[in-house]
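Letter by letter, the chains look like this.
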Amino acid sequence: MSISDFVRDASRWMQEEGPHSDIVISTRIRIARNLRDIPFPLLANEAQSEEVLNAVRQAVESPAFAEKGRYEILPLRDVEDVDRQALVEKYLISPSLVEHARRGAVVLRDDEEVSIMVNEEDHLRLQVLLPGLQLREAWALANETDDLLEARLNYAFDDRYGYLTACPTNVGTGIRASVMLHLPALVVTQQINRVLSALGQVGLVVRGVYGEGTEAVGNLFQISNQITLGQSEEEIILNLDSVVRKIIEHEQSARHFLLNENREVIEDRIARSFGILAYARRLDSKETMQRLSDVRLGIDLGVIKGVSKNILKELMVMTQPGFLQKFHGAELAPGERDWRRASLVRERLQMDEGRI
Amino acid sequence: MICQECNQRDATVHFTKILNNTKQEFHLCESCAREKGDVMMKSFGSPGFGTNPFGEPAFSFQNLLSGLLGFETQGATPMSKGIQTQQGPKRCATCGLSYPQFAQLGRFGCADCYTTFENHLEPLVRRIHGGATAHTGKVPQRAGGRIKIKKQIEELRAELQQKISAERFEEAAVLRDRIHELERGVQGNSGEGV
Ligand SMILES: [Zn+2]
Ligand SMILES: [Zn+2]
């Protein structure tokens, strides 16, 4: 395996469906860990950063790891810019790791469900990414992988404050559990702010996945825990899970309302967006996300038939600048990008036999 | 005492600035101290610390954090060339980070910073984590044994007190020896766990 395998195809979470995948796009768990005797990445020198990477390499190359899958260790300095960008677009690494590219590395399992960022803000950021709503499964996988690492690594752990992290906002469990939700009906019926505004009171934060500020392009929202200390991992996950299930119920009833009370309006909107994605010659990323959201809602409501549900997940990643450039094989000017994006979307839609 | 800056609120922050051998005393309210602190923070060029090795842009939590840290004005008041607080500069012996530098970066330099800045840490952690100040989640296996023994020591100490109050000194002596033994084990194996 090499870097080219990871930046060519869709990840497993994009190709497969999971529980509640009509509304929940993906579940992600990240845990932060540091080694006891080495300064955190911010203050580590080059030799110390190398020491961290070697320790992680030894742990990952142990037989216990090999039983769980094939792992590839990629120092970012060996990865080209466009491939780094593609890894970010697939959510396999953070933009911050790219900034730390001189010393950063990523460990990727071949199915891309497990990845470990090395020398980002903390020595290790272990990530599990699964399709649909699978918080317990994701935590089980993260926990198990963490145990394998801990067997070989001496973690910085304090009896009182738990796992020590560079930033005190992550101290304790070091866990950030998040769920990506597609909530078009709550947005259309203007209930979204009411539903999401209560989240702060239960220790959760929400942000739009695409778009800036409060605007969520493509009606995609990411909800995660804010607090990492004073609650066990199971409690944090249970809290998030139960809130997400409530939001799913709200979205479902908003979808029923749209179908029963506003059918013509919503069908018109879905059909127009489908037509544009199927025939347009230029698409910018914002319009692409909005139209994909409409089409995905159309699939969920049974208005559009014969198109894969995964089209939203696949195309929201594959139409990003890094991937477009990968497909094209050369750098693209922004104007050219819109042309390429439109043709990629058309080709993808033609693979399915969509009808309205 | 009234704040010497706004002459309105109570002065709750007191510090001394030494510049060219002249001593200047400040008595400020929290909000004026924070304002002053911000100004000083900007002119604070991380001497002896070097720039961030990655040359990365300002950390997004930084504003949030310095907002939080601002409450801890005495500690967060920058100590730089010629500027000193009553506490004097305190740096982490392992990584060299000072508290003002932490306040500026929003990040600690190493695991030992958590011990070095212990006094500042609790109110900060409490504010960030909704009142929580102790970890209740997963414990790595290596540390797990150590924590169990610490709990055991606490229990034995309580028992020891009871024996002493009951004047059952022979039994107490046995307990005391057992406690010493356990304590040696915890210290000796602090790196590896038990
Ligand atoms: Zn004042
Ligand atoms: Zn330190």
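What comes next is a walk through the structure. (Residues numbered from 1 in each chain as written. Chains lettered and ligands numbered in written order. Predicted model: local features only at pLDDT ≥ 70, side-chain atom pairs only at ≥ 80, totals over all residues. Heavy atoms only, no water.)

### Observations regarding the interface of chain B and chain A
Right, so step 1: The interface of chain B with chain A comprises 45 residues on the first partner and 44 residues on the second.
Right, so step 2: Our count for the chain B to chain A interface comes out at 4 salt bridges.
Right, so step 3: Close ionic contact of D146 of chain A with K138 of chain B constitutes a salt bridge, the shortest N to O distance being 2.6 Å.
Right, so step 4: Our enumeration of links across chain B and chain A arrives at 17 residue pairs in polar contact (both at pLDDT 80 or more).
Right, so step 5: Put simply, the parts of the chain that give the side of chain B that touches chain A at least two residues each are helix 2 (61–70), helix 4 (99–105), helix 6 (118–128) and helix 7 (141–165) of chain B. (Contact = heavy atoms within 4.5 Å. Salt bridge = Lys/Arg side-chain N within 4 Å of Asp/Glu carboxyl O. Polar contact = N/O pair within 3.5 Å; in protein donor to acceptor, adjacent residues only side chain to side chain. Helix = DSSP H or I, 4+ residues; strand = E, 2+ residues; numbered from the N terminus.)

### Quick word on the packing of helix 12 (residues 285–300) of chain A against helix 13 (residues 311–318) of chain A
All names here are of chain A.
Right, so step 1: The contact between helix 12 and helix 13 brings their axes to 9 Å, and the two run at 170 degrees. Accordingly, the angle class assigned to the pair helix 12 and helix 13 is roughly antiparallel. Contact residues: M289, L292, S293, R296 and I299 in helix 12; I311, L312, L315 and M316 in helix 13.
Right, so step 2: The residue inventory of the contact of helix 12 with helix 13, partitioned by class, reads 7 nonpolar, 1 polar and 1 charged. (Axes fitted to C-alpha atoms, helices over the stretch in contact; angles between N-to-C directions. Parallel < 35°, antiparallel > 145°, perpendicular 65-115°, else oblique. Nonpolar A, V, L, I, M, F, W, Y, C, P; charged D, E, K, R; others polar.)

### Some words on the pairing of strand 5 (residues 124–131) of chain A
Looking along a regular strand, one sees the side chains alternate between the two faces of the sheet.
All names here are of chain A.
Right, so step 1: Counting buried residues in strand 5 gives 8 out of 8 residues, a clear majority hidden from the surface.
Right, so step 2: Where burial is concerned, the two faces of strand 5 agree: the one with L124, L126, V128 and L130 and the one with R125, Q127, L129 and P131 are both buried.
Right, so step 3: Where strand 1 (residues 24–33) and strand 5 come together, 8 bridges link them in antiparallel fashion. Opposite R33, over in strand 5, you have L124 as the bridge partner.
Right, so step 4: The pairing of strand 4 (residues 114–118) with strand 5 spans 5 bridges and is classified as antiparallel. Across the sheet, S115 pairs through a bridge with Q127, a residue of strand 5.
Right, so step 5: Taken together, strand 4 and the strand that follows it, strand 5, pair antiparallel across an intervening segment of 5 residues, in which N119 is found at a positive phi of about 60 degrees. (Buried < 20%, exposed > 50% of the residue type's maximum accessible area, 1.4 Å probe, protein only. Pairing = 2+ DSSP bridges.)

### Considerations on helix 6 of chain B
Residue and element names in this part refer to chain B.
Right, so step 1: Every buried residue of helix 6 is accounted for by H120, L121, L124, V125 and I128. End-on view of helix 6: buried residues confined to an arc of 120 degrees, all on one side of the axis.
Right, so step 2: Remark: G130 follows helix 6 within two positions and exhibits a positive phi of approximately 60 degrees. (Arc of directions from axis to C-beta.)

### A word on the packing of aromatic side chains
Right, so step 1: According to the stated counting rule, one finds 11 aromatic pairs over all chains in the structure shown.
Right, so step 2: Aromatic side chains Y161 of chain A and Y114 of chain B sit 6.3 Å apart centroid to centroid with 45 degrees between the ring planes, which places their arrangement in the tilted category. Pair noted here: Y161 of chain A is in the loop between strand 6 (157–158) and strand 7 (162–163) and Y114 of chain B is in helix 5 (residues 113–116), and the two residues belong to different chains.
Right, so step 3: Its relative accessible area of 3% is what places Y161 of chain A among the buried residues.
Right, so step 4: Taking the relative accessible area as the measure of exposure, Y114 of chain B reaches 3% and is therefore buried.
Right, so step 5: Judged by centre distance (4.1 Å) and plane angle (10 degrees), the ring pair of F102 of chain B and F108 of chain B falls under stacked. (Phe/Tyr/Trp six-rings, centres within 6.5 Å; stacked < 30°, edge-to-face > 60°.)

### Observations concerning the sheet that holds strand 1 of chain A
Residues and elements named next belong to chain A.
Right, so step 1: Within the open sheet, the 8 strands sit side by side as 2-3-4-5-1-8-10-9. Their pairing is antiparallel. Two strands in the sheet have a free side with no partner beyond their single neighbour: strand 2 (71–75) and strand 9 (204–208). For this sheet, the mean inter-axis angle between neighbouring strands, taken without regard to orientation, is 20 degrees.
Right, so step 2: One ladder, built from 5 bridges, connects strand 8 (residues 175–182) with strand 10 (residues 220–225); its direction is antiparallel. Bridging across to strand 10, V179 finds its partner in I223.
Right, so step 3: Those strands touched by helix 13 are strand 1, strand 5, strand 8 and strand 10, and its axis lies near 55 degrees from that of strand 1.

### Notes on the environment of Y279 of chain A
Right, so step 1: Assignment of secondary structure puts Y279 of chain A in helix 11 (residues 263–279).
Right, so step 2: Separated by 67 residues in the primary sequence, Y279 of chain A and R346 of chain A place their C-alpha atoms 6.7 Å from one another.

### Notes on the coordination of the zinc ion (ligand 2)
The expected angle between donors at a tetrahedral four-coordinate metal is 109.5 degrees. At an octahedral six-coordinate metal it is 90 or 180 degrees.
Residues and elements named next belong to chain B.
Right, so step 1: For the zinc ion (ligand 2), the full set of protein donor atoms is C92 (SG), C95 (SG), C110 (SG) and C113 (SG), at a range of 2.3 to 2.4 Å.
Right, so step 2: Classification of the site at the zinc ion (ligand 2) as tetrahedral follows from its 4 donor atoms and the range of 97 to 124 degrees in their angles at the metal.
Right, so step 3: Read N to C, the donor residues that coordinate the zinc ion (ligand 2) are spaced as C-x2-C-x14-C-x2-C. There is no split in this pair, since C92 and C95 are both buried. (Donors = N, O, S within 2.8 Å, 3.2 Å for Na, K, Ca; no water. Tetrahedral: all angles 85-135°; square planar, octahedral: opposite > 155°, others 65-115°.)

### Quick word on unusual backbone geometry
Residue and element names in this part refer to chain A.
Right, so step 1: The backbone phi angle of Y91 is positive, close to 65 degrees, even though this residue is not glycine.
Right, so step 2: Here Y91 falls in the buried class, since its relative accessible area comes to 14%.
Right, so step 3: Phi at E112 takes a positive value of approximately 65 degrees, unusual for a residue other than glycine.
Right, so step 4: Relative to the assigned elements, E112 resides in the loop between strand 3 (105–109) and strand 4.

### Concerning the nonpolar core
Right, so step 1: Counting residues in each nonpolar core, the largest one holds 117 residues, and the members touching the most others are I29, I247 and M316 of chain A.
Right, so step 2: Among the elements that make up this core, the one with the highest residue count is helix 10 (residues 233–261) of chain A (10 residues).
Right, so step 3: Each of domain 1 (3–172) and domain 2 (252–352) of chain A accounts for three or more of the residues forming this core.
Right, so step 4: Excluding residues that lie within four positions of it along the chain, I247 of chain A makes contacts with L181, L183, L186, V195, L196, L199 and I223 of chain A.
Right, so step 5: The next biggest cluster of nonpolar side chains, apart from the first, holds 25 residues, and it includes A166 and V171 of chain A together with C92 and L97 of chain B. (Core = buried A, V, L, I, M, F, W, Y, C linked by side-chain atoms within 4.5 Å. Domains from an automatic or database assignment.)

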